[in-house]
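What the coordinates show
These are the residues of each chain, in order.
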Amino acid sequence: MTAHQDKPLFGTLLTAMVTPFAEDGSVDLAATEALAVRLADQGCDGLVVGGTTGEYSTMTDDEHEAVFRTVKEAVGDRVALVAGAGSNDTQHTMHLSAQAEKAGMDGLLIVTPYYNKPTQTGVVAHFETVADAVELPIMLYDIPGRTGIPLSVETLLRLAEHPKIVAVKDAKADLAAGMRVISETDLLYYSGDDGLTVPWMSIGAVGLVGVTSHVDTPRFRRLIDAMRAEDLHEARAIAHELEPVVRATMTHIPGAVSAKQILHWQSVLPNHTVRLPYVAATESEQAAIKADLAGSVVAGTLPF
């Protein structure tokens, strides 16, 4: 393990936090604080605040800032805090990034511009413009299923030359492309697919930015630690235990919706409120999630 991987800048187990809302849809800062503390207590050494799972695209800039500050005050001296600050508008991304920096975040998660579908040249210009405007280190978020475009290998190699761009959250499951970038750059790679943590770490990723880790943080902590200790036997056993939990959380409905639903069942959140265009899980969707969870290691913590 190389020196920069020994103690990765953003940690090794980062949960992409949901943003708890009150039943009227307003941000519940007390529940946000409690959730951040719980995740830190149970093994996260990093948190992504205001990312996709945090429903950032339906939040105002003032709400973003309030959540950043709340989480910073709650756990900022214990874990690395990465602010979801990306959008499809470069100027707005720079504004959100400055807001996050002012609130005391440790880094930025910047997603590939979505909807606009720029060329790779435009993507490079977007990220370099943001990186030039901030002091915080940046984790690129490569998720073409949501943005419509991937980050090509050539783009990643070029962006790796920028001193502020230090990491990648990969959610496109192209391990061959990722291995080339890991081999040829100093970028810290994070699995952005909960179920692919073991394969990603086996080729050099340093950890996970996950959603399912809300549901069973201690077991994901053990998984990450086993992989970093090169104990594949232990890691594989834990991954098999977590498979139905990952399936329950990530395959039926958007992860933000399912994570809130399960956290509510676990009595961690007071409700499972989401904002449109998300809607709460239907009865049939809840039944599918329950069926997966019933055979999982977390079944004993659930009221069914």
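In this text, all values refer to a predicted model and were calculated from it rather than measured experimentally.

The tally for this structure, following the rule as stated, stands at 2 aromatic pairs. Seen from their ring centres, W265 and F304 are 5.1 Å apart, and the 75° between their planes marks the pair as edge-to-face. Here the residue W265 occupies a position in helix α12 (residues 255-265), and F304 occupies one in the segment after α13 (283-294), the gap between them amounting to 39 residues. Of note, R275 hangs over the ring of F21, and the distance from its end group to the ring centre comes to 4.4 Å. Its guanidinium or amino end placed over the ring of F304, K290 lies 5.1 Å from that ring's centre, counting from NZ or CZ.

With respect to topology, 8 strands assemble into a closed barrel ordered β1-β2-β3-β4-β5-β6-β7-β8, the strand pairing being parallel. Across this sheet, the average inter-strand angle for adjacent strands is 25°, counted without regard to direction. Strands β1 (13-16) and β8 (207-210) of the sheet are contacted by helix α10 (residues 217-228), whose axis makes an angle of about 140° with β1.

As a further point, take the UniProt feature "active site" (unreviewed entry) in the protein chain. In the UniProt entry, the feature "active site" (unreviewed entry) is given for Y141 and K169. The largest pairwise C-alpha distance within this set of annotated residues, which runs over 29 residues, is 4.9 Å, so the set is compact in three dimensions. As for its placement among the helices and strands, Y141 is situated in strand β5 (residues 138-142). Residue Y141 is classed as buried on the basis of its relative accessible area, which comes to 6%.

This paragraph deals with the UniProt feature "binding site: pyruvate" (unreviewed entry) in the protein chain. Feature annotation in UniProt assigns "binding site: pyruvate" (unreviewed entry) to the following positions: T53 and V209. Despite a sequence span of 157 residues, these residues sit close together in the fold, their greatest C-alpha distance being 10.9 Å. Residues in contact with T53, not counting those within four places in the same chain, are A16, M17, V18, T19, V211, H214 and A256. By secondary structure assignment, the location of V209 is in strand β8. On the basis of relative accessible area, V209 is assigned to the buried category, the value being 1%.

Here we take up the packing of helix α11 (residues 232-250) against α12. Relative orientation of the contacting elements α11 and α12 amounts to 115°, with a least axis distance of 7 Å. Side by side, α11 and α12 meet where A248, T249 and M250 of the first sit next to G255, S258, A259 and I262 of the second. Of the residues contributing to the contact of α11 with α12, the split by class is 4 nonpolar, 3 polar and no charged.

Reading guide: rules and limits
Residues numbered from 1 in each chain as written. Predicted model: local features only at pLDDT ≥ 70, side-chain atom pairs only at ≥ 80, totals over all residues. Heavy atoms only, no water. Phe/Tyr/Trp six-rings, centres within 6.5 Å; stacked < 30°, edge-to-face > 60°. Helix = DSSP H or I, 4+ residues; strand = E, 2+ residues; numbered from the N terminus. Lys NZ or Arg CZ within 6 Å of the ring centre and 35° of its normal. Pairing = 2+ DSSP bridges. Axes fitted to C-alpha atoms, helices over the stretch in contact; angles between N-to-C directions. Contact = heavy atoms within 4.5 Å. UniProt positions renumbered as here; feature names shortened; annotations may be inferred. Buried < 20%, exposed > 50% of the residue type's maximum accessible area, 1.4 Å probe, protein only. Nonpolar A, V, L, I, M, F, W, Y, C, P; charged D, E, K, R; others polar.

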